[in-house]
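Notes for the structure review
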Amino acid sequence: MTLKFIHGNYLKYNKGTGFISCHVDALHAEPPAADLFTDKVVENLIKKTGCAGIVSTVSRTVADLNRNLNKANYEGIQEYRRTIQEIFKSLKIVDSNNFLLTPYLHLSFHGMKDTHYGPYAIEVGTLYGQSCSKEVKDWFQQTLTKKSEDSFPKIHVIFDNKFVGNESIAFHRQGDNSGYLGYSHNFNTFQIELSRTLRSKHKTAITNIFSEIIDDFQQTFVAT
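Quick look at the structure, then. (Residues numbered from 1 in each chain as written. Predicted model: local features only at pLDDT ≥ 70, side-chain atom pairs only at ≥ 80, totals over all residues. Heavy atoms only, no water.)

In this section: the pairing of strand β2 (residues 11-14). Residues L11 and Y13 line one face of β2 and the alternating positions K12 and N14 line the opposite face, and both faces are buried. In this sheet, β2 lies alongside strand β1 (residues 6-7) in antiparallel orientation, the contact comprising two bridges. When the bridges of β2 are listed, H7 appears paired with K12. Counting the residues between successive antiparallel strands, the hairpin from β1 to β2 contains three residues. Pairing between β2 and strand β4 (residues 52-56): four bridges, direction antiparallel. Looking across to β4, one finds that N14 is bridged to G53. (Buried < 20%, exposed > 50% of the residue type's maximum accessible area, 1.4 Å probe, protein only. Helix = DSSP H or I, 4+ residues; strand = E, 2+ residues; numbered from the N terminus. Pairing = 2+ DSSP bridges.)

Written out as structure tokens, the structure is:
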């Protein structure tokens, strides 16, 4: 099945089925300086779970969508934020103040070199817990570690060490100083750094791990 994307100037996106309280993205998918294969991981997860997904269509050297607002990325960041708003409209999960009515999961996929922790490694950045709730972080850490070790017994799963995340990963939760208010405490962002070996040779296993996590989040925090 070929995914259909809505195309903007800086990104493309798929709204998903409209039922899953999650979106996944690959904001550094384009070369140069691309996090190779992260776009494929995102596409696989959209197909497998029905969640929404966003993929950048410009290089970070043109407009980095994973940073604070600046002159170079201003239009791109605004488009990215409007896209998230479109996903929320489809899900019907924001109130009149534009705050989330239900817990929401945001997985942002990136790539790191095998030399950081070895060929089988995942680092998760939460800006030391600023981008998510403690409850969701504890659940995520336990769930990801178990599922990853079940698939790759020698894998390293690390949280908030080398790649803790740019401060912008907390803006969807807390807002920033530009007037962007964010969506309050129900927004939970995790920056996922995947080693090159996992991205290039184990996309199916990675897709399975994170699709199970998305399903588990839906059942644990969203379903009533």
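Read on, since the account is not over.
Between its first and last C-alpha atoms helix α4 (residues 134-151) spans 26 Å; for 18 residues at 1.5 Å apiece the expected length is 26 Å, and the two agree. The set of residues buried in α4 consists of V136, K137, W139, F140, T143, L144 and S148. Looking straight down α4, one finds that the buried residues subtend no more than 160 degrees of arc, so they occupy a single side. Counted as exposed and oriented over 90 degrees from the buried face of α4: K134, E135, Q142, K146 and D150. Buried residues along α4 sit in contact with β5 (104-112), β6 (121-125), β7 (156-159), β8 (187-195) and α7 (203-222). (Expected span 1.5 Å × (residues − 1). Arc of directions from axis to C-beta. Contact = heavy atoms within 4.5 Å.)

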